[in-house]
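Single-letter residue listing:
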Amino acid sequence: MQGTVARFDDETHHGTLLLDDGSEVAFGADAFAASGLRLLRLGQRLTIDRNDRGEVISITFPGLI
C-alpha cells in the first residue's frame, strides 16, 4: 500500500500518510525507525507495511527493498 507524507514531526518522528483512497493513516516512531530513513518531507511517496491489527510497522520508499 502506498501513500504520500501529509505530516511529519522531526522531533517525535510521528506522522501521517494520505493514502491513494483519500484516507489518512498514522505512523509512529517505531515504524520510522524500522525504515532506516533519516528524515521525511511532505509530499514524499512511501510504501507501508501493516500488522494484523492494521498498525503501520514500517515505511519505505517505493521500489526499495
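All of these numbers come straight from a predicted model, not from anything done at the bench.

### Some words on the overall build of the chain
- If you tally the helices and strands in the chain, you get one helix and five strands.
- Ordering the α and β elements of the chain from the N terminus gives β-β-β-α-β-β.
- For the chain, the C-alpha radius of gyration of 10 Å lies close to 11 Å, the compact-globule estimate for 65 residues.
- Along the longest, intermediate and shortest principal axes, the C-alpha atoms of the chain span 25 × 25 × 20 Å.
- Sequence-distant contacts, at least 24 apart, represent 39% of the contacts inside the chain between residues at least 6 apart.
- Accessible surface for the chain amounts to roughly 4,300 Å². Of this, 50% is attributable to carbon and sulfur atoms.

### What about the nonpolar core?
- Leu17, Phe27, Phe32, Leu40, Ile48, Val56 and Ile59 are the most contacted members of the largest nonpolar core, which has 14 residues in total.
- Taken together, the elements giving at least two residues each to this core come down to β1 (2-8), β2 (15-19), β3 (24-27), α1 (29-35), β4 (45-50) and β5 (56-60).

### Quick notes on the pattern of salt bridges
- What the rule picks out here adds up to three salt bridges.
- Here Arg53 and Glu55 are joined by a salt bridge, their closest N and O atoms 2.9 Å apart.
- For Arg53, a relative accessible area of 68% translates into the label exposed.
- Overall, Glu55 belongs to the partly exposed group, its relative accessible area being 39%.

### A few points about the packing of aromatic side chains
- A full pass over the atoms with the stated rule returns two aromatic pairs.
- Taking the centre distance of 6.2 Å and the plane angle of 20 degrees together, the rings of Phe8 and Phe27 count as stacked. Linking Phe8 in strand β1 with Phe27 in strand β3, this pair joins segments that are 19 residues apart in sequence.
- For Phe8, a relative accessible area of 17% puts it in the buried group.
- Look at Phe27 and you get buried, because its relative accessible area is 3%.
- Between Phe8 and Phe32 the ring centres are 5.0 Å apart and the planes differ by 45 degrees, which places this aromatic pair in the tilted class. With Phe8 in strand β1 and Phe32 in helix α1, this pair connects stretches of sequence that are 24 residues apart.

Cut-offs applied
- Residues numbered from 1 in each chain as written.
- Predicted model: local features only at pLDDT ≥ 70, side-chain atom pairs only at ≥ 80, totals over all residues.
- Heavy atoms only, no water.
- Helix = DSSP H or I, 4+ residues; strand = E, 2+ residues; numbered from the N terminus.
- Rg over C-alpha atoms; globule rule 2.2 N^0.38 Å.
- Contact = heavy atoms within 4.5 Å.
- Areas by Shrake-Rupley, 256 points an atom, 1.4 Å probe, with all protein chains shown as cover.
- Core = buried A, V, L, I, M, F, W, Y, C linked by side-chain atoms within 4.5 Å.
- Buried < 20%, exposed > 50% of the residue type's maximum accessible area, 1.4 Å probe, protein only.
- Salt bridge = Lys/Arg side-chain N within 4 Å of Asp/Glu carboxyl O.
- Phe/Tyr/Trp six-rings, centres within 6.5 Å; stacked < 30°, edge-to-face > 60°.

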